[in-house]
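Notes for the structure review
Here is what each chain is made of, one letter per residue.
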Amino acid sequence: MTHVEDELTSQPECWTRAATQAAEHTRALPAPGERVAVVGCGTSYFMAQAVAALREGAGQGETDAFAASEFPHGRAYDHVVALTRSGTTTEVLDLLDRLKDGTRTTALTADPDTAVTASADETVVLDYADERSVVQTRFATTALTLLRAHLGLHTDTIVEDARTALARPLPEGLVDCTQFTFLGRGWTVGLAHEAGLKMREAALAWTEAYPAMEYRHGPISVTTRGTATWMLGDAPDGLAGQVRDTGGAWIQGTLDPLAELVRAQRLAVAVAEARGLDPDRPRHLTRSVVLEP
């Protein structure tokens with residue numbers, strides 16, 4: 001078993017622990033009514049997109065998501081939350097240092113012994129969700145679970161759905177597809193982007209991701225026999241039929257969207273193995289992007 005397989009299968013236990021601990025971190029996390037920005041890089045940026053949509057949708061306050069390198073410094077926020085597994089990502093550290101003494105900051109990280117603990121005002125450590133693999137799985141989903149629980153949006157059913165996602169076979173023939181598109185709506189758009197990233201990182205697969213209603217505006221043109229379109233969450237009316245009419249496979253997620261992401265993680269590993277690739281050693285990637293001064 002690869003590191004990434006081992007780590008992704010531990011997600012139900014990690015999510016349960018994070019949900020239980022969320023109340024311990026209430027003071028470090030955004031309060032209702034605060035104007036908040038959630039930032040990250042790569043996978044963490046896509047989790048930030050999901051968090052921002054969930055928080056604003058729950059009526060907790062205006063919430064934006066940014067890649068750390070694209071943060072709008074001319075805009076005022078009460079609280080900035082940074083997601084960083086390694087705690088060493090250059091863009092995140094540069095942003096937190098620049099916000100010092102001006103904006104309250106909190107970092108969610110897997111490693112308490114890194115520079116991020118000095119750069120952020122508050123740190124939430126999820127060390128039990130740390131990973132050996134370059135490809136992120138459980139840290140990202142555990143951080144999102146903690147923030148969902150903080151918003152009052154986590155239930156035990158989500159964990160049960162994750163167990164189902166690990167036990168249920170992948171759809172027949174899916175591994176052999178030549179192109180994969182993931183779709184989302186609202187908070188699941190970020191999950192769709194993350195599912196696509198997992199496929200590109202682990203399996204070097206041709207993968208795209210879009211808001212579901214945007215799919216008809218051009219991207220559906222790549223859909224044909226041998227391609228797959230996977231919907232995370234509820235699909236817009238009529239879209240499934242339009243995809244099937246192209247000859248492409250339509251995969252409708254029936255589990256909680258975060259659990260559907262677990263299924264997409266499994267698909268990435270399965271496609272990598274089918275293509276003779278090692279998902280623990282993705283091409284051109286390192287566990288953390290640390291730039292020279």
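Below is a short write-up of the structure. (Residues numbered from 1 in each chain as written. Predicted model: local features only at pLDDT ≥ 70, side-chain atom pairs only at ≥ 80, totals over all residues. Heavy atoms only, no water.)

1. Focus: empty space enclosed by the protein
One pass over the full model with this rule turns up one cavity of 30 Å³ or more. The space that makes up the largest cavity amounts to roughly 70 Å³. Lining the largest cavity, in full, are Pro-30, Val-36, Val-38, Val-51, Arg-55, Thr-63, Val-81, Leu-147, His-150 and Leu-151. Among the elements of the structure, β1 (36-40), α3 (43-57) and α6 (138-150) are those that each provide at least two residues to the lining of the largest cavity. Residue composition of the lining of the largest cavity, grouped by class: seven nonpolar, two polar and one charged. (1 Å grid on protein atoms, 1.4 Å probe; cavity = no way out; pocket = protein on both sides within 12 Å on 5 of 7 lines; lining within 4 Å. Points joined across faces, edges and corners; volume = space filled by probe spheres on them. Helix = DSSP H or I, 4+ residues; strand = E, 2+ residues; numbered from the N terminus. Nonpolar A, V, L, I, M, F, W, Y, C, P; charged D, E, K, R; others polar.)

2. Re the layout of surface pockets
Within this model, the largest pocket holds a volume of roughly 330 Å³. Lining the largest pocket are 20 residues, and of these Cys-41, Gln-136, Thr-286, Arg-287 and Val-289 lie nearest its centre.

3. Topic: the pairing of strand β6 (residues 179-184)
The element β6 is largely enclosed, with a buried count of six among its six residues. Bridging between β6 and strand β8 (residues 227-231) involves five bridges; their strand directions are parallel. For Phe-182, the partnering residue across the bridge sits in β8 and is Trp-230. Sheet analysis places β6 next to strand β7 (residues 207-211), joined by five bridges and oriented parallel. Bridging from a neighbouring strand, Phe-180 pairs with Thr-207 of β7. In this fold, the crossover linking β6 to β7 by way of helix α8 (residues 188-203) has right-handed handedness. (Buried < 20%, exposed > 50% of the residue type's maximum accessible area, 1.4 Å probe, protein only. Pairing = 2+ DSSP bridges. Right-handed = clockwise from strand over helix to strand, strands pointing away.)

4. Things to note about the packing of α8 against helix α10 (residues 257-274)
Packing of α8 against α10 brings their axes to within 8 Å, and their N-to-C directions diverge by 15°. When the interaxial angle is binned, α8 and α10 end up roughly parallel. As α8 packs across α10, the resulting crossing turns out to be right-handed. Across from Thr-188, Leu-191, Glu-194, Ala-195, Lys-198, Met-199, Ala-202 and Ala-203 in α8, the residues of α10 making contact are Pro-257, Leu-258, Leu-261, Ala-264, Gln-265, Leu-267, Ala-268, Val-271 and Ala-272. Residue composition of the contact of α8 with α10, grouped by class: 13 nonpolar, two polar and two charged. (Axes fitted to C-alpha atoms, helices over the stretch in contact; angles between N-to-C directions. Parallel < 35°, antiparallel > 145°, perpendicular 65-115°, else oblique. Left-handed = near helix turned anticlockwise from the far one by under 90°. Contact = heavy atoms within 4.5 Å.)

5. Looking at α10
The terminal C-alpha atoms of α10, which comprises 18 residues, lie 25 Å apart, in line with the 26 Å expected from a rise of 1.5 Å per residue. Burial within α10 is extensive, with 15 of its 18 residues counted as buried. The opening residue of α10 is Asp-256, an N-cap whose side-chain oxygen sits 3.0 Å from the backbone nitrogen of Leu-258. (Expected span 1.5 Å × (residues − 1). Polar contact = N/O pair within 3.5 Å; in protein donor to acceptor, adjacent residues only side chain to side chain.)

6. Quick notes on the environment of Thr-105
Mapped onto the secondary structure, Thr-105 falls in strand β4 (residues 104-109). The exposure class of Thr-105 is buried, given its relative accessible area of 1%. Sequence separation between Thr-105 and Thr-90 is 15 residues, and the spatial gap between their C-alpha atoms is 16 Å. Those residues in contact with Thr-105 that sit more than four places away from it in its chain are His-79, Val-80, Leu-96, Leu-99, Ser-119, Ala-120, Asp-121 and Glu-122.

7. Examining the nonpolar core
By size, the foremost hydrophobic cluster in this structure holds 60 residues, and its most contacted members are Leu-108, Leu-144, Leu-146, Phe-180, Phe-182, Leu-191 and Leu-267. Looking at this core element by element, the count peaks at nine residues for α10. Once residues within four sequence positions are removed from consideration, Phe-180 is found in contact with Leu-174, Val-175, Met-199, Ala-205, Trp-206, Thr-207, Glu-208, Ala-228, Leu-267, Val-271 and Arg-275. If you look at the next biggest cluster of nonpolar residues, it comprises 16 residues, including Ala-37, Val-39, Val-80 and Leu-96. (Core = buried A, V, L, I, M, F, W, Y, C linked by side-chain atoms within 4.5 Å.)

8. Comments concerning the pattern of salt bridges
Any two side chains of opposite charge can pair, on the condition that their charged atoms come close. With the rule as written, the count across this model stands at eleven salt bridges. With a shortest N-O distance of 3.2 Å, Glu-201 and Lys-198 are connected by a salt bridge. Taken as a pair, Glu-201 and Lys-198 lie in helix α8 at a separation of three residues, close to a single helical turn. Of the two residues, Glu-201 and Lys-198, neither departs from the other in class, the shared state being buried. Three or more residues are tied together by salt bridges with common partners; here these are Glu-13, Glu-160 and Arg-163. (Salt bridge = Lys/Arg side-chain N within 4 Å of Asp/Glu carboxyl O.)

9. Here's the deal with the packing of aromatic side chains
If you walk through the whole model with that rule in mind, you get six aromatic pairs. Measuring from ring centre to ring centre gives 6.3 Å for Phe-66 and Tyr-77, while their planes differ by 70°; the resulting arrangement is edge-to-face. Note that Phe-66 is positioned in strand β2 (residues 63-67) and Tyr-77 in the loop between β2 and β3 (79-84), a separation of eleven residues in sequence. Accessibility assignment for this pair places Phe-66 and Tyr-77 in one class, buried. Seen from their ring centres, Phe-71 and Tyr-77 are 5.8 Å apart, and the 50° between their planes marks the pair as tilted. An aromatic cluster is built from Phe-66, Phe-71 and Tyr-77, whose rings are joined through pairwise contacts. (Phe/Tyr/Trp six-rings, centres within 6.5 Å; stacked < 30°, edge-to-face > 60°.)

Any functional reading would require information that these geometric values do not contain.
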